[in-house]
Amino acid sequence: MVTVPAKPFAYELDPARVALMVIDMQRDFVEPGGFGETLGNDVALLQAVVPTVRDLIGLFRAKGWTIVHTRESHSADLADCPPAKRDRGAPSLRIGDEGPMGRILVRGEPGNDIVPDLAPQPGEIVIDKPGKGAFYATALGDILRLKGITHLVFAGVTTEVCVQTTMREANDRGYECLLVEDATESYFPEFKAAAIRMMTAQGGIVGWSTDLATLKAAVG
Ligand code: TIU
């Protein structure tokens, strides 16, 4: 085991059973004209985290550890998109509408792809998920079980929505979860800070958090 200094106390990382979860680093969330912007958000905040996520992915590639990329996405016919999700609020464009990067949040459209700097490499796992959590309505749980994964390191966007939802799903399934604070971002800095505090409070009620430099130093 590798001991990683973390909040609320040291995280014991199992190098033989660890996977990186890169949550939804898609053009739809970090570039203008995508889903995130249709919801009224300033996407520039999220773009800033791309280099750190790239470094974290590089660390896992160098170690030969499992990497999972997720994409929030819906089928072209929107059969897997609950009307409650598409119809809520007053976005500038709704899921499935034609936008500057293709149809909003639809699988296979240019805007739905992972940003080029973080493109998955052959052998890395890509999970398309219709919900905020990556376990709901996907094969993720089976894939991790077949690979013997017990420890998950989290990065991606947004901290308090898809990252936190997936971390909570994973925690309830028995995974030991570590969030890399500078490899995740929110449209709302105060929500990012609150999400990290609430997940690491109460003795790590959802999991641990650390930063990339600390993780790098620990794993060597
Ligand atoms: N809106 C928002 O903050 N997030 C999402 O809708 N999805 C993800 O977090 N990926």
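Residues numbered from 1 in each chain as written. Predicted model: local features only at pLDDT ≥ 70, side-chain atom pairs only at ≥ 80, totals over all residues.

**Q** Hey, could you run me through the overall build of the protein in this one?
**A** A tally of regular secondary structure across the protein gives 9 helices and 10 strands. Compactness check: the protein gives a C-alpha radius of gyration of 17 Å against a globular reference of 17 Å for 220 residues, within 12% of the reference. If one aligns the C-alpha atoms of the protein with their principal axes, the spans along those axes are about 50 × 35 × 30 Å. Within the protein, buried positions represent 43% of all 220 residues. For the protein, contacts bridging at least 24 residues in sequence account for 72% of all contacts bridging at least 6. (Helix = DSSP H or I, 4+ residues; strand = E, 2+ residues; numbered from the N terminus. Rg over C-alpha atoms; globule rule 2.2 N^0.38 Å. Buried ≥ 20, exposed ≤ 12 C-beta atoms within 10 Å, placed from the backbone. Contact = placed C-beta atoms within 7 Å.)

**Q** Whenever I open this one, the environment of Pro91 confuses me. Can you help?
**A** Within the secondary structure, Pro91 sits in the loop between helix 5 (83-87) and strand 5 (98-99). For the pair formed by Pro91 and Phe35, sequence separation is 56 residues and the distance between their alpha carbons is 8.9 Å.

**Q** Explanation requested: the packing of helix 7 (residues 159-172) against helix 8 (residues 189-204) in the structure shown.
**A** Two packed helices can be described by the angle between their axes and the distance between those axes. Across the interface, helix 7 lies against helix 8 with an axial gap of 10 Å and an inter-helix angle of 20°. By the angle class used here, helix 7 and helix 8 are roughly parallel. As helix 7 packs across helix 8, the resulting crossing turns out to be right-handed. Counting all contacts with helix 7, which are made through Thr159, Glu160, Gln164 and Met167, the residues of helix 8 involved are Phe191, Lys192, Ala195 and Met199. When its residues are assigned to classes, the contact of helix 7 with helix 8 shows 4 nonpolar, 2 polar and 2 charged. (Axes fitted to C-alpha atoms, helices over the stretch in contact; angles between N-to-C directions. Parallel < 35°, antiparallel > 145°, perpendicular 65-115°, else oblique. Left-handed = near helix turned anticlockwise from the far one by under 90°. Nonpolar A, V, L, I, M, F, W, Y, C, P; charged D, E, K, R; others polar.)

**Q** Help me understand the nonpolar core in this model?
**A** Nonpolar side chains tend toward joint burial in soluble globular proteins. Formed by 55 residues in total, the largest nonpolar core has its most connected members in Leu20, Met21, Val22 and Phe154. Ranked by the residues each element gives to this core, the list is headed by strand 3 (residues 18-23), at 6 residues. The contact partners of Phe154, leaving out residues within four places of it in the chain, are Met21, Ile23, Val163, Met167, Cys177, Leu178, Leu179, Val180 and Thr184. (Core = buried A, V, L, I, M, F, W, Y, C linked by C-beta atoms within 7 Å.)

**Q** Could you clarify how one ought to interpret the site of the ligand in this entry?
**A** If you check the shell around the ligand, you find Asp24, Phe29, Leu39, Glu72, Lys132, Val157, Thr158, Val161, Cys162 and Tyr187 and nothing else. Within the shell around the ligand, the residues separate by chemical class into 6 nonpolar, 1 polar and 3 charged. (Near = placed C-beta within 6 Å.)

**Q** Help me out: how do you make sense of the sheet that holds strand 10 (residues 208-210) in this one?
**A** The strand order 7-4-3-8-9-10 describes an open sheet built from 6 strands, whose pairing is parallel. Each edge of the open sheet is held by one strand with a lone partner, namely strand 7 (125-129) and strand 10. Put simply, the sheet's adjacent strands are angled 25° from each other on average, direction ignored. The pairing of strand 8 (residues 151-157) with strand 9 (residues 176-185) spans 6 bridges and is classified as parallel. What sits directly across from His151, in strand 9, is Glu176. Set on the sheet, helix 7 makes contact with strand 3, strand 4 (66-72), strand 8 and strand 9; between it and strand 9 the angle comes to about 170°. (Pairing = 2+ DSSP bridges.)

**Q** I keep staring at the pairing of strand 9 and nothing clicks. Help me out?
**A** One face of the sheet, then the other: side chains in a regular strand alternate in exactly this way. Burial analysis of strand 9 places 8 of its 10 residues in the buried class, which makes it a mostly covered element. Crossover handedness for the path strand 8 to helix 7 to strand 9: right-handed. Following the backbone out of strand 9, through helix 8 and into the adjacent parallel strand 10, one traces a crossover that is right-handed. (Right-handed = clockwise from strand over helix to strand, strands pointing away.)

**Q** Would you explain the UniProt feature "domain: Isochorismatase-like" (unreviewed entry) in the protein in this entry?
**A** The sites that carry the UniProt feature "domain: Isochorismatase-like" (unreviewed entry) are, in the present numbering, residues 19-206. Taken end to end, residues 19-206 has its terminal C-alpha atoms 17 Å apart, with 36% of it in helix and 20% in strand. (UniProt positions renumbered as here; feature names shortened; annotations may be inferred.)

**Q** Looking at this structure, how should I read the environment of Thr3?
**A** Checked against the element boundaries, Thr3 lands in strand 1 (residues 2-4). Looking at Thr3, the number of C-beta atoms within 10 Å reads 10, which means it is exposed. If near-sequence neighbours (up to four positions away) are discounted, Thr3 is found in contact with Ala10, Glu12 and Ala218.

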